[in-house]
Amino acid sequence: MERTFLAIKPDGVQRGLVGEIIGRFEAKGFTLVGMKLIVASRELAEQHYGVHKERPFFEGLVNFITSGPMVAMVWEGDGVVASARKIIGATNPLNSEPGTIRGDLAVNVGRNIIHGSDAVETANQEISLWFKDEELSAWKPCLTPWIV
Ligand code: ABT
Ligand code: MG
């Protein structure tokens, strides 16, 4: 089953949006298989955003992402990687469609409240970067199959 890594960034936690954000993925029908509140170390943040190492916003991005607790999560479901990116919306919240998390709740590209893996391969790398195997629970909701 496909999995993705999602993280509510320090701004989303500070603004009290944790419940609102998690609720959207639950309501969609995806399954939460791992979750923890964590202040990322500089090393973890630099690894997580390693692809942006040479970009001018890298230093500020790492400072921001390590500035307070985040809610790191693993979600499971068919097509969850691409679907979660759609639910999250475009990187710059000013371009995110209304109805998406960023489109409804954010205004600033450097404070866009949630991270979602951008591809299945990246998702697998990010899950193993942020979580140990034993921190994840594979479980199936007890619903009749036609509900989801
Ligand atoms: P993430 O989910 O945080 O990875 O965002 P997303 O994949 O939508 O966008 P990318 B391009 O990966 O942005 C990473 C973080 O860098 C910030 N950023 C990005 C800027 O501050 N300025 C920029 O010009 C760009 C392109 C936005 C993302 N996170 N934050 N916070
Ligand atoms: Mg990204």
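Scoring rules and cut-offs
Residues numbered from 1 in each chain as written. Chains lettered and ligands numbered in written order. Predicted model: local features only at pLDDT ≥ 70, side-chain atom pairs only at ≥ 80, totals over all residues. Heavy atoms only, no water. Phe/Tyr/Trp six-rings, centres within 6.5 Å; stacked < 30°, edge-to-face > 60°. Helix = DSSP H or I, 4+ residues; strand = E, 2+ residues; numbered from the N terminus. Lys NZ or Arg CZ within 6 Å of the ring centre and 35° of its normal. Buried < 20%, exposed > 50% of the residue type's maximum accessible area, 1.4 Å probe, protein only. Arc of directions from axis to C-beta. Contact = heavy atoms within 4.5 Å. Lys, Arg positive; Asp, Glu negative; His and termini not counted. Salt bridge = Lys/Arg side-chain N within 4 Å of Asp/Glu carboxyl O. Near = heavy atom within 4 Å. Polar contact = N/O pair within 3.5 Å; in protein donor to acceptor, adjacent residues only side chain to side chain. Areas by Shrake-Rupley, 256 points an atom, 1.4 Å probe, with all protein chains shown as cover.

### Some thoughts on the packing of aromatic side chains
In step 1: Summed over the entire model, instances satisfying the criterion amount to 3 aromatic pairs.
In step 2: When the centroid spacing of 5.0 Å and the interplanar angle of 25° are considered together, the rings of F5 and W130 count as stacked. One end of the pair, F5, is in strand 1 (residues 3-8); the other, W130, is in helix 7 (residues 120-130), with 125 residues separating them in the sequence.
In step 3: Through a chain of ring-to-ring contacts, three or more aromatic side chains come together here, namely F5, W130 and F131.
In step 4: The ring of F131 has K36 lying over it, and the distance from NZ or CZ to the ring centre is 4.6 Å.

### So, helix 7
In step 1: Restricting attention to buried positions, one finds in helix 7 the residues T122, A123, E126, I127 and W130. For helix 7, the buried positions fall inside an angular range of 135° around the axis, keeping them on one side. Those residues of helix 7 that are exposed and angled more than 90 degrees off the buried face are E121 and S128.
In step 2: Those residues of helix 7 hidden inside the fold are in contact with strand 1, strand 2 (31-38), helix 3 (42-48), strand 3 (70-76), helix 5 (80-88) and strand 4 (114-116).

### Brief notes about the side chain of R102
In step 1: Mapped onto the elements, R102 comes out in helix 6 (residues 101-105).
In step 2: For the buried R102, no salt bridge is present, and the opposite-charge side chain at shortest range is D11, 8.3 Å distant.
In step 3: Every residue in contact with R102, bar those within four places of it in the chain, is listed here: K9, I88, G89, A90, T91, P93, S96, N112, I114 and H115.

### Looking at the environment of L32
In step 1: Structurally, the position occupied by L32 is in strand 2.
In step 2: Separated by 31 residues in the primary sequence, L32 and M1 place their C-alpha atoms 13 Å from one another.
In step 3: Apart from the residues lying within four places of it in its own chain, the contact partners of L32 are M73, V74, W75 and W139.

### Some thoughts on helix 5
In step 1: Among the residues of helix 5, those classed as buried are V80, V81, S83, A84, I87 and I88. Here the buried residues of helix 5 occupy an arc of 170° about the axis, which is enough to place them on one side. Every exposed residue of helix 5 that faces more than 90 degrees away from the buried side is listed here: A82 and K86.
In step 2: Buried residues in helix 5 make contact with strand 1, helix 2 (18-28), strand 3, helix 6, strand 4 and helix 7.
In step 3: Just downstream of helix 5, G89 is the residue with a positive phi angle, here 95°.

### Here we look at the site of ligand 1
In step 1: Of all residues adjacent to ligand 1, which total 16 residues, the nearest are K9, Y49, R85, T91 and H115.
In step 2: K9 places a polar side-chain atom, nitrogen or oxygen, 2.6 Å from an oxygen atom of ligand 1.
In step 3: In the environment of ligand 1, a nitrogen atom lies 3.4 Å from a nitrogen or oxygen atom belonging to the backbone of G110.
In step 4: Coverage of ligand 1 by the protein amounts to 80% of the 600 Å² it exposes when considered alone.
In step 5: Sorting the residues of the shell around ligand 1 by element identifies helix 4 (58-65) and strand 4 as the ones contributing at least two each.
In step 6: If you tally residues by element for the shell around ligand 1, the top one is strand 4, at 3 residues.

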